[in-house]
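# Understanding the architecture of this molecule
Residue strings, one per chain:
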2 protein chains.
Amino acid sequence: MPVMDLAARLGGAARIETFKADTVLFHRGDVTRHMFGVVDGQAYLRRTTIEGAEIVVHRALGGDLFAEAALFSSSYHCDGIAVAGARIAWFEKTALLDMMQTDGRFAVAFCRRIAGQVQRLRSNIELRAIRSAEDRIMAALSLRLGEGETRYEPAGSWKGFAAEIGLTHEALYRALKRLEQAKRLRRDGPVVELGV
Amino acid sequence: MPVMDLAARLGGAARIETFKADTVLFHRGDVTRHMFGVVDGQAYLRRTTIEGAEIVVHRALGGDLFAEAALFSSSYHCDGIAVAGARIAWFEKTALLDMMQTDGRFAVAFCRRIAGQVQRLRSNIELRAIRSAEDRIMAALSLRLGEGETRYEPAGSWKGFAAEIGLTHEALYRALKRLEQAKRLRRDGPVVELGV
DNA sequence: CGTCCGCTTGACTCAGATCAAACTTGGTGG
DNA sequence: CCACCAAGTTTGATCTGAGTCAAGCGGACG
């Protein structure tokens, strides 16, 4: 169920907007009125711990839905941010819920998406439990790469990548360096090449 | 949609079993044929990191569904374990999917459950990102307690609780001791009382 | 009665966090 | 066109607190 198809089916209950600079789509605690879709660019969900650390809980790229869980909650549980240059689709919550109620196929498809999130989040927890920075990075890269792929370029910056996997950027850069010295990967500007 | 109601609706596509000792319901990688429900007792999902650490990704108590995400995946992504004494309901995957397809209300209700999991998992990630053992414990207790509640007793053991929030049991016990000394909580056998 | 397992405490280690500073790079605006 | 600013990148020095290993206690259960 690609984002644009969904927008077409919802008609007036959907609109698309482009953002020049980083923009907060919603704050934690706001009443939920919309679910979102990333048409182009990226958006991410952010939470802040009591210690003040900001952690990226989810990053959505072009084609992804965003804040699906908000459909079933009265308030957002994270901050939602659209990255500069992103095109974001706004879907009205009520329209989507109606559609699910009446269209079983759609409901199942939607459920499948959310179930996928659950598994990704569990992988994320497993990932963050890896103590060694090097192993954590390698595991994160494996998760992000498809079968047989060997090159990776982070969406955004390496600094952002560090936040996503729960490392400080200093620890990340140092570990990347060690990995390169150990010939477990090679760096070439913003992209890394796995294995040698 | 309580577990027993679901079992009744599914008829022959559901069965209930009781386990004397800890039992593995499924292994990571097994083909998914069932979703589960905890009638009584508890069950948990476990993953093992490359470093060999076993982490508890989810713990289900009486009345909870278990391994919902398996419905939309061809293989399990975690190990599923029934704790000694648990009564577990087995639901056939295909029967459930059919039911969702035909009954929109049921599909939405099911989706709501999974969406709830997503939010709990995100809270969990936030929780595990808290570095200080003391703060992490306090945050975990807050999450588990309802509004106004002040007493908590872990399902299972404190050791298990430690695994759930990503601490070693030693670190947990030490932090509990410090928290008690700082009068942020009081321990009384297996239960803790928040705030003095 | 013995074994298992949760609980508890101690001593030590170490890897990542933290603080600090320099250097790229890209974009803005005068 | 260049000064300037913001943000990412890189490296160094130091610190800290959770992990690890080790050992002893006590209750439950067969």
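See above for the structure.
All of the points below concern the structure found in this document.

Cut-offs used in this document
- Residues numbered from 1 in each chain as written.
- Chains lettered and ligands numbered in written order.
- Predicted model: local features only at pLDDT ≥ 70, side-chain atom pairs only at ≥ 80, totals over all residues.
- Heavy atoms only, no water.
- Helix = DSSP H or I, 4+ residues; strand = E, 2+ residues; numbered from the N terminus.
- Buried < 20%, exposed > 50% of the residue type's maximum accessible area, 1.4 Å probe, protein only.
- Least-squares fit on C-alpha atoms with pLDDT ≥ 70 in both.
- Contact = heavy atoms within 4.5 Å.
- Near = heavy atom within 4 Å.
- Polar contact = N/O pair within 3.5 Å; in protein donor to acceptor, adjacent residues only side chain to side chain.
- Buried area = accessible area lost by both parts, 1.4 Å probe.
- Salt bridge = Lys/Arg side-chain N within 4 Å of Asp/Glu carboxyl O.
- Nonpolar A, V, L, I, M, F, W, Y, C, P; charged D, E, K, R; others polar.

### Re the environment of Lys177(B)
Residue and element names in this part refer to chain B. Positionally, Lys 177 belongs in helix H6 (residues 169-181). Among the residues examined, Lys 177 registers a relative accessible area of 55% and is labelled exposed. In the structure, Lys 177 is positioned 10 residues away from Arg 187 in sequence and 8.8 Å away in space, judged by C-alpha atoms.

### Structural notes on the relation of the copies chain B and chain A
At an RMSD of 0.1 Å, chain B and chain A line up after a rotation of 180 degrees and a shift of 0.0 Å along the axis. Such values leave the two copies arranged in the relation of a two-fold axis. Both copies present the same face, since 100% of the interface residues in chain B are matched by interface residues at the equivalent positions in chain A.

### Some details on the protein's contact with DNA strand D
Surveying the vicinity of DNA strand D reveals 20 residues, the closest of which are Lys159(A), Tyr173(A), Arg174(A), Ala133(B) and Thr168(B). One of the side-chain nitrogen or oxygen atoms of Arg174(A) is found 2.9 Å away from a base nitrogen of DNA strand D. For the surface near DNA strand D, the secondary structure elements donating two or more residues are helix H5 (158-164) and helix H6 (169-181) of chain A together with H6 of chain B. By residue number, the principal contributor to the surface near DNA strand D is H6(A), which donates five residues.

### Things to note about unusual backbone geometry
All names here are of chain A. Even without a glycine there, the phi angle at Ala 67 is positive, about 65 degrees. With respect to the helices and strands, Ala 67 occurs in the loop between strand S6 (65-66) and strand S7 (79-82). You will see that Lys 183, though not glycine, has its phi angle at about 60 degrees, which is positive. Locating Lys 183 in the fold gives a position in the loop between H6 and strand S10 (185-188). Overall, the relative accessible area of 60% leaves Lys 183 in the exposed class.

### What about the side chain of Glu193(B)?
All names here are of chain B. Note that Glu 193 resides in strand S11 (residues 191-194). Here Arg 151 takes part through its side chain, which lies 3.1 Å from a polar atom of the side chain of Glu 193. Those residues in contact with Glu 193 that sit more than four places away from it in its chain are Thr 150, Arg 151, Leu 185 and Arg 186.

### Brief notes about the interface of chain B and chain A
Think of interface size as the accessible area that goes away when the parts come together; that is how it is often given. With 42 residues of chain B at the contact, the number on the chain A side is 42 residues. Both faces combined, the contact of chain B with chain A buries some 4,000 Å², and carbon together with sulfur accounts for 67% of it. Here chain B and chain A share four salt bridges between them. Residue Arg47(A) is joined to Glu126(B) by a salt bridge in which the shortest nitrogen-to-oxygen separation is 2.8 Å. Among the secondary structure elements, those contributing two or more residues to the side of chain B that touches chain A are strand S4 (42-48), strand S5 (54-61), helix H2 (93-102), helix H3 (104-128) and helix H4 (133-144) of chain B. It is H3(B) that contributes the most residues to the side of chain B that touches chain A, 19 residues altogether. Of the residues belonging to the side of chain B that touches chain A, the class tally is 20 nonpolar, 12 polar and 10 charged.

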